[in-house]
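Commentary on secondary and tertiary structure
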Amino acid sequence: QEQGYDELLNKYYQLLISSTDKEEDVKTLRESQRNWIKFRDSEKKVISALTDQARERMEGGTIWGIVYSSAVVKITKQRVIDLFGLLTIDKLTSDEDDE
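Below, the structure is looked at part by part. (Residues numbered from 1 in each chain as written. Predicted model: local features only at pLDDT ≥ 70, side-chain atom pairs only at ≥ 80, totals over all residues. Heavy atoms only, no water.)

1. Thoughts on helix α2 (residues 23-57)
The end-to-end C-alpha distance of α2, which contains 35 residues, comes to 51 Å, matching closely the 51 Å that a straight helix rising 1.5 Å per residue would cover. The set of residues buried in α2 consists of Val 26, Leu 29, Gln 33, Trp 36, Arg 40, Ile 47, Thr 51 and Ala 54. Of the residues one or two after α2, Glu 59 is the one with positive phi, at around 55°. (Helix = DSSP H or I, 4+ residues; strand = E, 2+ residues; numbered from the N terminus. Expected span 1.5 Å × (residues − 1). Buried < 20%, exposed > 50% of the residue type's maximum accessible area, 1.4 Å probe, protein only.)

2. Quick notes on the packing of aromatic side chains
The geometry of an aromatic ring pair is captured by the separation of the ring centres together with the interplanar angle, meaning the angle of the planes. According to the stated counting rule, one finds one aromatic pair in the structure shown. Measuring from centroid to centroid gives 5.4 Å for Tyr 12 and Phe 84, while their planes differ by 50°, and the two rings are tilted. Taken together, the positions of Tyr 12 in helix α1 (residues 2-19) and Phe 84 in helix α3 (residues 63-98) put the pair 72 residues apart, joining distant regions of the chain. (Phe/Tyr/Trp six-rings, centres within 6.5 Å; stacked < 30°, edge-to-face > 60°.)

3. Digging into α1
Given a rise of 1.5 Å per residue, 18 residues ought to cover 26 Å, and the 26 Å separating the end C-alpha atoms of α1 matches this to within 8%. Turning to α1, its buried residues number three or more, namely Tyr 5, Leu 9, Tyr 12, Tyr 13, Leu 16 and Ile 17. Down the axis of α1, the buried set is contained in an arc of 140°. They therefore lie on one face. Facing away from the buried side of α1 by more than 90 degrees, the exposed set consists of Gln 3 and Ser 18. (Arc of directions from axis to C-beta.)

4. A closer look at the packing of α1 against α2
The contact between α1 and α2 brings their axes to 10 Å, and the two run at 160°. The angle between α1 and α2 falls in the class roughly antiparallel. Here the hand of the crossing between α1 and α2 comes out right-handed. Where α1 approaches α2, its residues Glu 2, Leu 9, Tyr 13, Leu 16 and Ile 17 are matched on the opposing element by Val 26, Leu 29, Arg 30, Gln 33, Trp 36 and Lys 44. Partitioned by chemical class, the residues of the contact of α1 with α2 number seven nonpolar, one polar and three charged. (Axes fitted to C-alpha atoms, helices over the stretch in contact; angles between N-to-C directions. Parallel < 35°, antiparallel > 145°, perpendicular 65-115°, else oblique. Left-handed = near helix turned anticlockwise from the far one by under 90°. Contact = heavy atoms within 4.5 Å. Nonpolar A, V, L, I, M, F, W, Y, C, P; charged D, E, K, R; others polar.)

What follows is the structure, given as structure tokens:
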């Protein structure tokens, strides 16, 4: 499931980059994406630590891999939603410019 969201994330990110007119805005978008990647990686570490801790407390269990995967997918899914929202704003404003 995460791979599907990663593909959408990359698609929407590339569409945003290609639709951005100003080089300064492109730089800002790239910086934002790099910061999000740092956030995502940091969150993965926290989620991993907490699920490992829960697994130890519960003396094992296969559910913790699913809990970890689900939490990680939510992070990427939310970024996809955010980028799609930015694309929607861009599309709305570019349609107005065409009129």
